[in-house]
Amino acid sequence: MAKADQDISMKDVRVPCGEFTEFKDAIKLLRDTDDRIVYRLNTSIPTASFAKTVNAEEQCKQLFLKLQEVHTAREKSINHCIGEVSSRLEQLRMGRKENPSDQKVVREIRSQQTKLRMMQNEVTVEEVVREQTLKVFREKCRAYKPS
């Protein structure tokens, strides 16, 4: 588990698409920056008494860039896995046409359909996480206006 003051490098986290639990764990790790947004803001944005010693606008800019990086990485990872599972599902459906009585294929289709639905649900979860993170960011970094 990452410490609150550590950044998760996007290069360090590979999002596996095969097993949903591994997929979910990797996405959770990539959500660490969002999960710790209040802590990050409180430790990097100065109070009024320290405002002259720390450039709050620059701190907000750096944090915003980091948030954009992790949001983009998660979105790409989720969409990549959705595409991978969709392709696998299409292959299985073609296999079922060739042998409609193969129960192994039918079970695997159901399993892949369930996994696909859960991964597609992560798109909605991602939207909510992003909205909440940016709301907190805007409240604390009012002076910083991303271009």
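Right above here is the structure, for reference.
Everything numeric here is computed off the predicted structure, so don't read it as measured data.

Caption draft 1: Spotlight on the side chain of threonine 33. Along the polypeptide, threonine 33 turns up in helix α2 (residues 32-35). For threonine 33, a relative accessible area of 4% puts it in the buried group. Excluding its chain neighbours within four sequence positions, the residues that come into contact with threonine 33 are Arg40, Lys66, Leu67 and Val70.

Caption draft 2: Looking closely at the state of the cysteines. On inspection of all chains with the given rule, the structure shows 2 disulfides. Shown here is the disulfide that connects cysteine 17 with cysteine 81, its sulfur atoms set 2.0 Å apart. The S-S bond linking cysteine 17 to cysteine 81 shows a torsion near -75 degrees; that makes this disulfide left-handed. Of this pair, cysteine 17 sits in the segment before α1 (20-30) while cysteine 81 sits in helix α4 (residues 56-98), and the two are 64 residues apart along the sequence. Taking the relative accessible area as the measure of exposure, cysteine 17 reaches 6% and is therefore buried. Exposure remark for cysteine 81: the relative accessible area of 0% places this residue in the buried category. Through a disulfide, cysteine 60 is tied to cysteine 141; the S-S separation comes to 2.0 Å. Between cysteine 60 and cysteine 141, the S-S dihedral sits near -85 degrees, and the bridge is therefore left-handed. Taken together, the residues cysteine 60 in helix α4 and cysteine 141 in the segment after α5 (103-140) connect sequence positions 81 residues apart. Cysteine 141 carries the same exposure label as cysteine 60, and that label is buried. Each bonded cysteine in the protein chain gets a number by its place in the sequence, and the pairs come out as 1-3, 2-4.

Caption draft 3: Spatial organisation of the environment of glutamine 112. Position of glutamine 112 relative to the elements: it lies in helix α5. Through-space distance from the C-alpha of glutamine 112 to that of leucine 89 is 6.1 Å; in sequence the pair is 23 residues apart. When near neighbours in sequence (up to four residues on either side) are disregarded, glutamine 112 contacts Val85, Arg88, Leu89 and Leu92.

Rules used in this analysis
- Residues numbered from 1 in each chain as written.
- Predicted model: local features only at pLDDT ≥ 70, side-chain atom pairs only at ≥ 80, totals over all residues.
- Heavy atoms only, no water.
- Helix = DSSP H or I, 4+ residues; strand = E, 2+ residues; numbered from the N terminus.
- Buried < 20%, exposed > 50% of the residue type's maximum accessible area, 1.4 Å probe, protein only.
- Contact = heavy atoms within 4.5 Å.
- Disulfide = S-S within 2.5 Å.

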